[in-house]
Every structure is written in structure tokens, then in C-alpha cells.
Amino acid sequence: MGRSRRTLPEELLLLALDPATGTTAQPQSLDLGLAGAQLVELALAGRIAPDGDRIAVVMPRPTGDPTLDSALELLRRRGSPVRAVHWIGGPRLGLRQIYLSHLERCGMVHAVAGQMCGVLPTTRYQATETAISRDIRARLDSAIRTGVPPDPRTAALAALAHAVGLGKHLYPGNEGRSSRSRLRDLIRHDPMGGLVAHAVMDVQNGVAAQPRRNQPAAPSGRQPGPVPMQPRRGSGMAARVAAH
């Protein structure tokens, strides 16, 4: 993969980085979003594809990006398609720091050491390539302002930004309410981005851990297999996900 374009995980992290504080917004959900962004990036690269609510590897050849290739190899080792919600809800802790360190090595951010309460060491990250951050934000703003269907990459970025709760960070206050609503609506413009964004929100809402209703009992000595996700009704997303 060429490096002329930032990957979706990198773009999502740069969107979440607060230039004033050097910290990331929504840190708890951001790791989930970064895991989802990896899936979308691998799909854009032709390595994986959606199979219902599952993710299937269609080309195991490495992309050349070590972090993405690590995720691709883990998916390949599964041997069969995996539910997106189970993948994203797996042990993905630390992705935020992995990508922050990567952006630092690339010269995209600069680490600033500090202390909390004069005792605890802290690290803040300041963006150094601000033109790239402005371009990422401008793509989202354009898609929201014009109403023109965005390209799949921008649509997926919008879906992920909404899923992890960046709407209030990007478009705060009452004046940003309509922009947050349109950010949410962009989720429909990319099937893979929508699938992954819904999975991120399901994990946050605890859906992945809940037993499926009407699941048939397994015969004695056998474990029940996975039950396919129920199809969503048109109003399901709006009912489950309020506009931020």
C-alpha cells in the first residue's frame, strides 16, 4: 500500500486528537473504532469482504502495513468468517497507543512529556502535519454540508467517527446538532463502513455479550452454534443510536 494516503485508523485517530489538550477524545471507545477502521481499510485494499454480518478473508497477501497485516493474519488464522461484532469486541486494547507511536515515527505527531498533579508522568501528542488533519476534517465537513454522497473512504470515516462518539467533539453544542445528525446519516453510504460502525456501537451497548432470543436448545453434550444477527429494520438504527 502506498503511503501517499493515510489509512483509516490513522485518519480516525487524527480526528480524535484534540489540538488544545494533546489528548484523544472518547478514549474508551476509540480502540474499538480503530479495530473497526482496520477492517474497513483491509476491505478497501481487497483483503477481506463482508459475508452477511461476518468478515471473510478473500486475499491473504500482506498489504505492507505491519499493523494492518497483523490484523489480517489473525483473521486468516480463524479459518472461517468471523462476526464483526465479535472481532471488534475482542482484546484490542492498546491500538490507540500503537497508532499514536506510529504517527510519531512518521512525524505526524509530536510527543510532549508532562506530569499529572506534579507526580504521575503523562504524554500528550501534538499534531505536526496540521495540513493533513485539516484535509481530513474538510472531507467530512464537505460531505455534511453539500449532501453529495461521499466516496467510500470518507463515508466509512464518518460512520466510524459517529460510532465512537466523536460527533460532539467535532461539532459541539446546539449549533452542531444538525451536523451531528448528518454525520450519523452518512453511515448508509458505505456498506462495509456501516457494518463495522454498527458492530462498534453494538459492542459498546453490550449486544455482543447478550444471548440471542429464541435460540434453540442444543442437544445434550453439544454446544449451540452461532446464531445469525437478525436483520435490522429501517428504523432500528435511529431507535438504537440517538444523534449525538
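What comes next concerns the included structure.

Conventions we followed
- Residues numbered from 1 in each chain as written.
- Predicted model: local features only at pLDDT ≥ 70, side-chain atom pairs only at ≥ 80, totals over all residues.
- Heavy atoms only, no water.
- Helix = DSSP H or I, 4+ residues; strand = E, 2+ residues; numbered from the N terminus.
- Buried < 20%, exposed > 50% of the residue type's maximum accessible area, 1.4 Å probe, protein only.
- Pairing = 2+ DSSP bridges.
- Phe/Tyr/Trp six-rings, centres within 6.5 Å; stacked < 30°, edge-to-face > 60°.
- Lys NZ or Arg CZ within 6 Å of the ring centre and 35° of its normal.
- Contact = heavy atoms within 4.5 Å.
- Axes fitted to C-alpha atoms, helices over the stretch in contact; angles between N-to-C directions.
- Parallel < 35°, antiparallel > 145°, perpendicular 65-115°, else oblique.
- Nonpolar A, V, L, I, M, F, W, Y, C, P; charged D, E, K, R; others polar.

1. Here's the deal with the environment of arginine 77
Logical step 1: Counting through the fold element by element, arginine 77 comes out in helix α3 (residues 66-78).
Logical step 2: Of the residues examined, arginine 77 reaches a relative accessible area of 61% and is grouped as exposed.

2. Quick notes on the pairing of strand β2 (residues 54-57)
Logical step 1: Both strand β1 (residues 48-51) and β2 contribute to a ladder of four bridges, which runs antiparallel. Bridging from a neighbouring strand, alanine 49 pairs with alanine 56 of β2.
Logical step 2: Connecting the antiparallel pair β1 and β2 is a turn made up of two residues, with glycine 52 showing a positive phi of about 70 degrees.
Logical step 3: In terms of strand pairing, β2 meets strand β3 (residues 82-83) through two bridges, oriented antiparallel. Its bridge partner being in β3, isoleucine 55 is matched across the sheet by valine 82.

3. With respect to the packing of aromatic side chains
Logical step 1: Tallied over the full model, the rule gives zero aromatic pairs.
Logical step 2: Against the face of tyrosine 171 rests arginine 137, its NZ or CZ located 4.8 Å from the ring centre.

4. Observations regarding the environment of leucine 15
Logical step 1: As for its position among the elements, leucine 15 is in helix α1 (residues 8-16).
Logical step 2: Judged by its relative accessible area of 6%, leucine 15 falls in the buried class.
Logical step 3: Sequence-wise, leucine 15 and leucine 170 are 155 residues apart; in three dimensions their C-alpha atoms are separated by 8.0 Å.
Logical step 4: Residues contacting leucine 15, with those up to four places away along its chain left out, are Ile136, Arg137, Leu140, Leu157, Ala161, Leu166, His169 and Leu170.

5. Structural notes on the packing of helix α7 (residues 152-163) against helix α10 (residues 191-204)
Logical step 1: Closest axis-to-axis distance for the α7/α10 pair is 9 Å, and the angle between their directions is 10 degrees. Relative to α10, the element α7 lies roughly parallel. For the pair α7 and α10, the contacting residues are Ala156, Ala159, Leu160, His162 and Ala163 in the first and Gly193, Val196, Ala197, Val200, Met201 and Gln204 in the second.
Logical step 2: Class assignment for the residues of the contact of α7 with α10 results in eight nonpolar, three polar and no charged.

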